[in-house]
Amino acid sequence: MARLPSVLVARAVFPEVVQRLRRLFEVEDNPADRIFAKAELIAHLAGKAGAFTTGSERIDAEVLDANPQLRVVANMAVGYNNFDIAACTARGVLATNTPDVLTETTADFGFALMMAAARRVAESEHFLRRGEWTRWAYDMFTGSDVHGATLGILGMGRIGQAIARRGALGFGMKVIYHNRSRLTSEQEAPIGARYVDKLTLLRQADHLVLVLPYSAASHHTIGTAELAQMKPSATLTNVARGGIVDDAALAAALRERRIAAAALDVFEGEPKVHPDLLTVPSVVLTPHIASATVATRRAMADLAADNLIAALTGGQPPTPVNPEVLAGGRLPVR
Ligand code: 8YV
């Protein structure tokens, strides 16, 4: 009998999903959930045809060259900035991600964070827990309205549009957005979304939400100069990737009240958080959990497994990032 292909499941994940892979492959998993340093990742990938990864595994030319037998890397994330896609494609390695299944869940959380920043939910809760609530005051934790305000979306992909829908249809917000490409009028019309340039977005948004992918081009898209264009009453929410915001510049802008509040689910160099952010009360900080509902994490894991299985059994992977590999790469194996 032919040997089963071997795969690495690089992080701990639902046991049922690992079981599913075991029915088809030799599986090395990582139930202890140790995060591999690059040399360890290279060593654990030895002999593997496929890898089930998360945002913590960087797949670059060095990792690929050390493992020329690798055929597919299946990321359990919609974002894939942990993959060097050009390096994968050049070597005929298929890369896949998990779009769509997390759109609504991530949009829920983005909206929740935006509301928490606008209405000072975390800051006031901390105040209460510290025992500082002794009386009512007319201006105690006054924030800014969400309903009827102008929602600015930077990065109007699937998640950006889902946040815009919540704002427009649920909260009567005016939606403005900036994106690499403009939506069609059929997409804009139901939410009344208006395409604007980046400067107008910064200047007009009451609540600015970042939902753009991270790349070298989007590094520090929001820094001191951009924050200076925002309204002093505005909020900034980032559910996209760390590095899109210059965290030190944001902490300074918040401390100096150049903007009112912020909410961050993602950080430069996470899980480390810039120490200045930890001391600013007007920023809500969460540990990269925007997609973290049981159902959505399971759907993401299943989709990553579907991609891995299809790629290694001659099927059609549902969500390839570099589909050109399917036409001429190392796939399929049988
Ligand atoms: C993941 C994410 O939890 O999908 C993404 O791009 O940022 C999150 O949903 C994280 O990347 C783990 O892989």
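Residues numbered from 1 in each chain as written. Predicted model: local features only at pLDDT ≥ 70, side-chain atom pairs only at ≥ 80, totals over all residues. Heavy atoms only, no water.

## Looking at the sheet that holds strand S2 (residues 26-28)
Alright, step 1. Across the sheet, 5 strands lie side by side as S2-S1-S3-S4-S5; this open sheet has parallel pairing. Across the chains shown, the open sheet's two edge strands, defined by having one partner strand only, are S2 and strand S5 (94-96). Across the sheet, the mean angle from the axis of one strand to that of its neighbour is 15°, orientation sign disregarded.
Alright, step 2. As paired elements, strand S1 (residues 6-9) and S2 share 3 bridges and run parallel to each other. Within the sheet, the bridge partner assigned to Val7 lies in S2 and is Val27.
Alright, step 3. The strands that helix H1 (residues 15-22) touches are S1, S2 and strand S3 (50-53); relative to S2, the one it contacts most, it runs at about 145°. (Pairing = 2+ DSSP bridges. Helix = DSSP H or I, 4+ residues; strand = E, 2+ residues; numbered from the N terminus. Axes fitted to C-alpha atoms, helices over the stretch in contact; angles between N-to-C directions. Contact = heavy atoms within 4.5 Å.)

## So, the site of the ligand
Alright, step 1. Lining the immediate surroundings of the ligand are Thr54, Gly55, Met76, Ala77, Val78, Gly79, Leu102, Arg241, His288, Ser291, Arg297 and Met300.
Alright, step 2. Within the contact set of the ligand, an oxygen atom lies 2.7 Å away from a backbone nitrogen or oxygen of Val78.
Alright, step 3. In the environment of the ligand, an oxygen atom lies 2.8 Å from a nitrogen or oxygen atom belonging to the backbone of Gly79.
Alright, step 4. Here the ligand has 330 Å² of accessible area as a free molecule, and 84% of this is covered by the chains.
Alright, step 5. Split by residue class, the shell around the ligand holds 5 nonpolar, 5 polar and 2 charged. (Near = heavy atom within 4 Å. Polar contact = N/O pair within 3.5 Å; in protein donor to acceptor, adjacent residues only side chain to side chain. Areas by Shrake-Rupley, 256 points an atom, 1.4 Å probe, with all protein chains shown as cover. Nonpolar A, V, L, I, M, F, W, Y, C, P; charged D, E, K, R; others polar.)

## Here we look at the domain arrangement of the protein
Alright, step 1. As assigned here, the protein comprises domain 1 (6-99 + 294-325) and domain 2 (103-285).
Alright, step 2. For domain 1 and domain 2, the distance between their C-alpha centroids amounts to 32 Å.
Alright, step 3. Taken together, both faces of the contact between domain 1 and domain 2 bury some 440 Å²; the carbon and sulfur share is 49%.
Alright, step 4. Area buried by domain 1 at its contact with domain 2 is led by Asn81, Pro99 and Thr296, which between them contribute 74% of it. (Domains from an automatic or database assignment. Buried area = accessible area lost by both parts, 1.4 Å probe.)

## Topic: the pairing of strand S11 (residues 261-264)
Alright, step 1. The side-chain alternation of S11 yields two buried faces, one formed by Ala261 and Ala263 and the other by Ala262 and Leu264.
Alright, step 2. Bridging between strand S10 (residues 235-238) and S11 involves 4 bridges; their strand directions are parallel. Bridge pairing in S11 links Leu236 to Ala262.
Alright, step 3. Chirality of the crossover, the property in question, places the unit of S10, helix H11 (residues 247-255) and S11 among those that are right-handed. (Buried < 20%, exposed > 50% of the residue type's maximum accessible area, 1.4 Å probe, protein only. Right-handed = clockwise from strand over helix to strand, strands pointing away.)

## A closer look at the packing of H1 against helix H13 (residues 294-312)
Alright, step 1. As a packed pair, H1 and H13 sit with axes 10 Å apart at the nearest point and diverge in direction by 10°. In terms of orientation, H1 and H13 fall into the roughly parallel class. The handedness of the crossing between H1 and H13 is right-handed. In this structure, H1 uses Glu16, Val17, Arg20 and Leu21 to contact H13, whose residues at the interface are Arg298, Ala301, Asp302, Ala305, Asp306, Leu308 and Ile309.
Alright, step 2. Of the residues in the contact of H1 with H13, the class split is 6 nonpolar, no polar and 5 charged. (Parallel < 35°, antiparallel > 145°, perpendicular 65-115°, else oblique. Left-handed = near helix turned anticlockwise from the far one by under 90°.)

## Let's talk about helix H7 (residues 158-171)
Alright, step 1. Taking 1.5 Å per residue as the helical rise, H7 with its 14 residues ought to reach 20 Å, and the 19 Å between its terminal C-alpha atoms agrees with that figure.
Alright, step 2. Regarding H7, the residues found buried are Ile159, Gly160, Gln161, Ala162, Ile163, Ala164, Arg166, Gly167 and Ala168.
Alright, step 3. In the segment just after H7, Gly172 is the residue with positive phi, at about 60°. (Expected span 1.5 Å × (residues − 1).)

## Examining the environment of Ala205
Alright, step 1. Structurally, the position occupied by Ala205 is in the loop between helix H9 (198-204) and strand S9 (207-210).
Alright, step 2. Put simply, Ala205 and Met230 are 25 residues apart on the chain and 7.4 Å apart in space, counted from C-alpha to C-alpha.
Alright, step 3. Apart from residues no more than four positions distant in its own chain, Ala205 is found in contact with Thr150, Gly152, Ile176, Lys231 and Ala234.

## Quick notes on the sheet that holds strand S12 (residues 283-285)
Alright, step 1. Strand order in the open sheet formed by 7 strands is S8-S7-S6-S9-S10-S11-S12, with parallel pairing between adjacent strands. If you trace the sheet from one side to the other, it starts and ends with strand S8 (194-195) and S12, each paired once.
Alright, step 2. Strand direction decides the pairing type here: S11 and S12, joined by 3 bridges, are parallel. Residue pairing for S12: Ala263 is matched across the bridge by Val284.
Alright, step 3. Packing against the sheet, helix H5 (residues 103-118) makes contact with strand S6 (150-154), S9, S10, S11 and S12, and its axis sits at approximately 150° to S10.

## Some remarks on the packing of aromatic side chains
Alright, step 1. Tallied over the full model, the rule gives 3 aromatic pairs.
Alright, step 2. With 5.0 Å between their ring centres and 70° between their planes, Phe127 and Phe141 make a pair best called edge-to-face. Remark: Phe141 occurs in the loop between helix H6 (121-129) and S6 and Phe127 occurs in helix H6; sequence separation between them is 14 residues.
Alright, step 3. Taken together, a centroid distance of 5.3 Å and an interplanar angle of 75° make the contact between Tyr177 and Tyr195 edge-to-face. With a gap of 18 residues between them, Tyr177 in strand S7 (residues 174-178) and Tyr195 in strand S8 connect regions that are remote in the sequence.
Alright, step 4. Over the face of the ring belonging to Phe14 we find Arg298, whose NZ or CZ atom lies 5.7 Å from the ring centre. (Phe/Tyr/Trp six-rings, centres within 6.5 Å; stacked < 30°, edge-to-face > 60°. Lys NZ or Arg CZ within 6 Å of the ring centre and 35° of its normal.)

## Quick look at the pairing of S1
Alright, step 1. Of the two faces of S1, the one lined by Ser6 and Leu8 and the one lined by Val7 and Val9 are each fully buried.
Alright, step 2. One crossover worth recording links S1 to the parallel S2 by way of H1, and it is right-handed.
Alright, step 3. Judged from the 3 bridges that link them, S1 and S3 form a sheet pairing that is parallel. Bridging across to S3, Val7 finds its partner in Gly50.

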